[in-house]
Amino acid sequence: MAAIFAVATILYSSAWMYTVRQPSSDVELGFNGQYAVADHSIRVGSVEKGGPGEQAGLRVADRILAINGRSLESITPFDEVWYQSRPGDSVELTVARPGQRGTLTLNGTFRQAQPRSSEGGIARVSALQLTNSFPALFLIVGLTVLFLRLDDPNAWLLALLFGGFISVPGVASLVPLTFGLRTFAMIYRAIFLGLLPALFYLFFAVFPRRSPLDRHLPWLKWVAFILGACVVMPSLGVGEITPPAILVRIIGATAALRAVLSYVYLFLTLGLVSLVGNALDSSTPDACRKTRVILWGTVIGLVPGIVLKAAEDFAGYQPPFWLNTAMLVVVLLYPLSFAYAVVKYRVMELPALLKRSARYVLVQRGYIVLLLVVATTAILLFTHTVSRFFPASANVGMGLSAVFGVVLVWASAPMVRRGTQSIDRAFFRSAYDARRILQDLAEKTRTVTDRHELVKLLELQIEGALHPKSLGCYLNAGDGTLVAEGEAVAPKANDRSTAPVRPKFPFRFGAHFFPRESDSIPANLPLLTELVERGRAWDVPPEAFGETGEYSPLSPECLVPILGRESGLIGLLVLGQRLSEEPYSGEDKHLLDSVASQAGIALENIRLAERMAERLDAERRTAMEMDIARQVQARLFPQNLPPLETLEYVGGCVQARQVGGDFYDFLDMGPGLVGLVLADISGKGMSGALLMANLQANLRSQYAVAVDDLPRLLKSVNRLFYENTTNESFATMFFGVYDDSSRKLRYANCGHISPLILRAGGSLLRLTSTTTVLGLFPHWECPIQEEVLHSGDILVICTDGVTEAPNLRDEEFGEERLAEAIRQNKCASAKELLATIQASVQEFSGGTQADDITLIVARCR
């Protein structure tokens, strides 16, 4: 893409510099005029007395609409007639005259063009030569920065912006060019001239950082490009800024042109505002300094030219030759000032290896120039060869040449890349290797999954780049020490190849192994504390560890800290002397800092992954334990029902969690006697389940005495529950003993929800509390009540998970809905009625369950 852009820009610039140097036409009519894009006409500014124009009837302020019957959609028909005519030839002009309706047809005769005055002598000629080379500086600076920073969006923006400045000056005529080249020049100028304001604003909105204006109005740059595209489309066939046809029809030609010019100068102004905003924003001193360097170059180089051009466009001012020349010279200072800012103040960071040697730059750029020359020669030869097989007026040959050029660029791209890499390696082998290794490391650390793999990767990459005699990698063990990690590799005697070995303490070694005592280092050493404060690679003399100290055998030459997200020391690279015995250069340390930064990010990610794995493992174990607890608790519910002749009964529990605090039980208390127990423990989940198991164990261990003395049983259970639980723990419970022979139900309601008895006749009886809850008071009394059940009576005992179940509107299921459900299903079996009530509660709650749904349903036969 850069090559294509460069070829297009060079081609346009060459065409422009060629046409401006061509001699003017050999004929004239003796008038001066200017082409008006707004109404596609030539407005006559002056007419020579007695000249051919005046003889033909031409007057000042006339508008020439057509030449020899060809309308002036662009200036091209006018240029072609003037360049193709000879003295004595006639020409037909279609003219619109102010104050007259319709158009006039005037016929004039060309005369020999009068020689122009050579006023100014050599100074004028020199000025013309300078201004006629206007694109050169923009071309050199823009393309140089682009090819030095191909991967930098700012370099692309600068090159495109300079391409837009190249397109600003027009030419008297493009007729000297071939048709294809003339079409290309008009398209190039239309695109870059139309998008120049948008590119200018975008560049200063984002470089060297986002401007305050762009941070507040980020959409503005896209508006600029949309408006620019609206200007480009109608301008493609003209090569001049042209308003859209629909805008011309709505507000008129003149107003439409002024609207387009307003877009141009508005976004040029907004670009300058963005530049000034960045220059005045001192939050980032480095960006502020760079912006101020650019600001002065832009203000001095561009602002005067923009002001003069605005005066021409809006006020019709025609500047004299020397003022126009002076403005062009000032504009040329803009690319020069930018080049100075890039080189002197490093406004754009060029690769260090490209700034070290002028010889390298010459060879590398010479290689590119050579390739461009070869490619251009090949295209010209191909064009010359192919054009012989087609008529001169045909465009097939040019089309084939364009296709050949594209194929040539595509096919030569791998060769260009390989050649550039070869030059890099030949001139700056170490710098090239360092950059390549850093890129490889950044790519590979994304896939590293454990510390050992990361350390192995670090050792291999650093060994390949810097060749230290010894290298140790220490990682934070979490207990205040740095522990050696990695795998040792010892270079052979006379080469740098490596063979894997596995000593007890893993390092990469050269002439010697690190001793046993160096397998760990305290992280609180003063040396390491200072290293963390520096935050970058540090040359350390061997005595820094102490002449006879425990860590003196390390003898490091360079220490590199690996810092975490909170600037804590999570690792350390200890490098010994290089095999070449050269000191570690600033670029070496920069490489090591970059590698350590990548390693720090990778280590943090690995540590995060390990924590996540531990958490998932803990959750998995918890889930397994909860599943076991659920199975155990399910076994605590009654598995067999003691047989009764006069009572059909069943119980069930739908838990809100895997385990819960509700429980029901059926106790076999002798022939024809069954204990019906339903309790609700304070708390949910595991704590509720443990309390439930405790209460159930107390009941089952003592219920044998309940036949003779039910209050004694309950008082004992209360006392044990009180002693074995905290002050906040309690339970509500219904305990009833049903006698199969007498149909009597003796019961105690310990603060529990009132069970319901639906009589066969339809009346409803509530078995209200007989005492308070269990487990809150050490001294507790428990009165006993008695009811007789008759055939057809239904008994329903439930927990608050039934009556207090909420719906989406926070309404509770309530006792009335429960009673209604019993009445509607009074003919159903106990098991069917239990399932119906549970389903009704779940449907009422909308699929969400806040508490356990536990019931005992009994039907008297």
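Residues numbered from 1 in each chain as written. Predicted model: local features only at pLDDT ≥ 70, side-chain atom pairs only at ≥ 80, totals over all residues. Heavy atoms only, no water.

A. Broad picture of helix H1 (residues 2–19). Between its first and last C-alpha atoms H1 spans 26 Å; for 18 residues at 1.5 Å apiece the expected length is 26 Å, and the two agree. Buried within H1 are the following residues: Ala-2, Phe-5, Ala-6, Thr-9, Tyr-12, Ser-13, Ala-15, Trp-16 and Thr-19. (Helix = DSSP H or I, 4+ residues; strand = E, 2+ residues; numbered from the N terminus. Expected span 1.5 Å × (residues − 1). Buried < 20%, exposed > 50% of the residue type's maximum accessible area, 1.4 Å probe, protein only.)

B. Spatial organisation of the packing of aromatic side chains. In total, this model carries 19 aromatic pairs according to the counting rule given. Taking 5.3 Å as the distance between ring centres and 50° as the angle between the ring planes, the aromatic pair formed by Phe-134 and Phe-138 counts as tilted. For the pair Phe-134 and Phe-138, one class covers both residues: buried. On the basis of an interplanar angle of 70° and a centroid distance of 5.7 Å, the ring pair of Phe-162 and Tyr-334 is categorised as edge-to-face. Note that Phe-162 is positioned in helix H6 (residues 153–166) and Tyr-334 in helix H14 (residues 321–344), a separation of 172 residues in sequence. Assessed through its relative accessible area of 1%, Phe-162 is described here as buried. By relative accessible area, Tyr-334 is classed as buried at 0%. Through pairs of rings, three or more aromatic residues link up here, namely Phe-134, Phe-138, Phe-162, Phe-165, Phe-200, Phe-203, Phe-204, Phe-207 and Tyr-334. (Phe/Tyr/Trp six-rings, centres within 6.5 Å; stacked < 30°, edge-to-face > 60°.)

C. Local environment of unusual backbone geometry. Its identity as a non-glycine residue notwithstanding, Arg-743 has a phi of 60°, on the positive side. Within the fold, Arg-743 resides in the loop between strand E20 (731–739) and strand E21 (744–750). The exposure class of Arg-743 is partly exposed, given its relative accessible area of 24%. Of note, the phi angle at Asp-810 is positive, near 65°, even though the residue is not glycine. Residue placement: Asp-810 occurs in the loop between helix H23 (800–803) and helix H24 (814–824). Residue classification places Asp-810 among the exposed positions, given a relative accessible area of 66%.

D. How the structure looks around empty space enclosed by the protein. Taken as a whole and judged by the stated rule, the model has 1 cavity of 30 Å³ or more. As for the largest cavity, its lining consists of Phe-5, Thr-9, Phe-138, Leu-139, Gly-142, Leu-143, Ala-159, Phe-162, Gly-163 and Ile-166. Among the elements of the structure, H1, helix H5 (135–148) and H6 are those that each provide at least two residues to the lining of the largest cavity. Taken together, the residues of the lining of the largest cavity break down into 7 nonpolar, 3 polar and no charged. (1 Å grid on protein atoms, 1.4 Å probe; cavity = no way out; pocket = protein on both sides within 12 Å on 5 of 7 lines; lining within 4 Å. Points joined across faces, edges and corners; volume = space filled by probe spheres on them. Nonpolar A, V, L, I, M, F, W, Y, C, P; charged D, E, K, R; others polar.)

E. Fine view of a negative patch on the surface. Judged by side-chain charge, Asp-450, Glu-453, Glu-610 and Glu-614 come together as a negatively charged surface patch. Glu-610 gets classed as partly exposed once you look at its relative accessible area, which sits at 34%. (Patch = residues over 30% accessible without salt bridge, like charges linked within 9 Å, V, L, I, M, F, W, Y side chains within 5 Å. Areas by Shrake-Rupley, 256 points an atom, 1.4 Å probe, with all protein chains shown as cover. Salt bridge = Lys/Arg side-chain N within 4 Å of Asp/Glu carboxyl O. Lys, Arg positive; Asp, Glu negative; His and termini not counted. Charge placed at Lys NZ, Arg CZ, Asp CG, Glu CD.)

F. Summary view of the pattern of salt bridges. All told, the structure shown has 15 salt bridges when counted by the stated rule. Arg-759 serves as the salt-bridge partner of Asp-793, at 2.7 Å between the closest nitrogen and oxygen. With Asp-793 in the loop between strand E24 (785–788) and strand E25 (794–798) and Arg-759 in the loop between strand E22 (756–758) and strand E23 (764–766), this pair connects stretches of sequence that are 34 residues apart. A residue is classified by how much of its surface remains accessible, and Asp-793, at 3% relative accessible area, is buried. One salt-bridge network, held together by shared partners, links Glu-28, Glu-48 and Arg-111.

G. Representation of the pairing of strand E18 (residues 662–668) within the structure. In terms of burial, E18 is largely enclosed, as 6 of its 7 residues are buried. In terms of strand pairing, E18 meets strand E19 (residues 673–681) through 7 bridges, oriented antiparallel. Across the sheet, Asp-662 pairs through a bridge with Asp-680, a residue of E19. Turn length for the E18-E19 hairpin, with the two strands adjacent in sequence and antiparallel, is 4 residues, and the turn residue Gly-670 shows positive phi of about 125°. (Pairing = 2+ DSSP bridges.)

H. Region of interest: the nonpolar core. Counting residues in each nonpolar core, the largest one holds 61 residues, and the members touching the most others are Phe-138, Phe-165, Tyr-334 and Phe-338. Element by element, the count of residues in this core is highest for helix H7 (residues 179–206), at 14 residues. If we ignore the near neighbours within four places in the chain, the residues touching Phe-138 are Phe-162, Phe-165, Ile-166, Val-331, Leu-332, Tyr-334 and Pro-335. Counting 46 residues, the second largest nonpolar core, distinct from the first, contains Phe-666, Leu-678, Ala-731 and Tyr-738. (Core = buried A, V, L, I, M, F, W, Y, C linked by side-chain atoms within 4.5 Å. Contact = heavy atoms within 4.5 Å.)

I. Representation of a nonpolar patch on the surface within the structure. Taken together, the side chains of Trp-296, Val-299, Ile-300, Leu-333 and Leu-336 make up a nonpolar region of the molecular surface, amounting to roughly 480 Å² of accessible area. Contributions of two or more residues to the nonpolar patch are made by helix H12 (285–301) and H14. Among the elements that line the nonpolar patch, the one with the most residues is H12, at 3 residues. Examined against the element boundaries, Ile-300 turns out to sit in helix H12.

J. Here's a closer look at H5. The terminal C-alpha atoms of H5 lie 20 Å apart, and with 14 residues this matches the ideal 20 Å at 1.5 Å per residue to within 8%. Among the residues making up H5, those that are buried are Pro-135, Phe-138, Leu-139, Val-141, Gly-142, Leu-143, Val-145, Leu-146 and Leu-148.

K. Representation of the side chain of Asp-214 within the structure. If you trace the backbone, Asp-214 turns up in helix H8 (residues 212–216). On the basis of relative accessibility, which here comes to 0%, the residue Asp-214 falls in the buried class. There is a polar contact of 2.8 Å between the side chain of Asp-214 and the side chain of Arg-210. If near-sequence neighbours (up to four positions away) are discounted, Asp-214 is found in contact with Tyr-201, Ala-205, Val-206 and Lys-221. (Polar contact = N/O pair within 3.5 Å; in protein donor to acceptor, adjacent residues only side chain to side chain.)

L. A look at the sheet that holds strand E15 (residues 558–563). Overall, antiparallel pairing links the 6 strands, which are arranged E13-E10-E9-E16-E15-E14 in an open sheet. Only two strands of the sheet have a single neighbouring strand rather than two, namely strand E13 (520–522) and strand E14 (538–539). Where strand E10 (residues 481–485) meets E13, 3 bridges bridge the pair, whose relative direction is antiparallel. Within E13, the position partnered with Val-483 by the bridge is Ser-520. Along the sheet, helix H18 (residues 451–466) contacts strand E9 (471–476), E10 and strand E16 (569–575); its crossing angle with E9, the most-contacted strand, is approximately 150°. (Axes fitted to C-alpha atoms, helices over the stretch in contact; angles between N-to-C directions.)

M. Broad picture of the environment of Ile-570. Among the structural elements, Ile-570 can be located in strand E16. Looking at Ile-570, the relative accessible area reads 11%, which means it is buried. Taking the C-alpha atoms as reference points, Ile-570 and Thr-481, 89 residues apart in sequence, are found 9.8 Å from one another. Excluding anything up to four places from it in sequence, Ile-570 contacts Leu-475, Asn-476, Ile-562, Leu-563, Gly-564, Gly-600, Leu-603, Glu-604 and Arg-607.

N. Examining the sheet that holds strand E17 (residues 647–654) more closely. One open sheet holds the 5 strands; their spatial order is E17-E26-E25-E22-E23, and the pairing between them is antiparallel. Here the strands that pair on one side only, and so sit at the sheet edges, are E17 and E23. Strand after strand, the sheet turns through a mean of 15° between neighbouring axes, direction not considered. Two strands pair when backbone bridges link them, and E22 and E25 are joined in this way by 3 bridges, in the antiparallel orientation. The partner of Leu-756 across the bridge, within E25, is Val-796. In the packing of H24 onto the sheet, the strands contacted are E22, E23 and E25, and the crossing angle to E22 comes to about 35°. Running over the sheet, helix H25 (residues 830–844) touches E17, E25 and strand E26 (853–860) and is turned about 30° from E17.

O. Looking closely at the packing of H1 against H7. Contact pair H1 / H7: the axes reach a minimum separation of 10 Å and the direction vectors enclose 110°. Viewed along their axes, H1 and H7 adopt a mutual orientation that is roughly perpendicular. Taking contact as the criterion, the partners of Phe-5, Ala-8, Thr-9, Leu-11, Tyr-12 and Ala-15 in H1 are, on H7, Leu-181, Phe-184, Ala-185, Tyr-188, Arg-189 and Phe-192. In terms of residue class, the contact of H1 with H7 is built from 10 nonpolar, 1 polar and 1 charged. (Parallel < 35°, antiparallel > 145°, perpendicular 65-115°, else oblique.)

P. Representation of the pairing of strand E6 (residues 90–96). Most of E6 is tucked away, with 5 of its 7 residues classed as buried. Where strand E4 (residues 63–67) and E6 come together, 4 bridges link them in antiparallel fashion. Bridge pairing in E6 places Arg-63 opposite Ala-96. Pairing geometry for E6 and strand E7 (residues 104–109), over 6 bridges, is antiparallel. For Glu-92, the partnering residue across the bridge sits in E7 and is Asn-107.

Take it as geometry only, folks, not as evidence of what the structure does.
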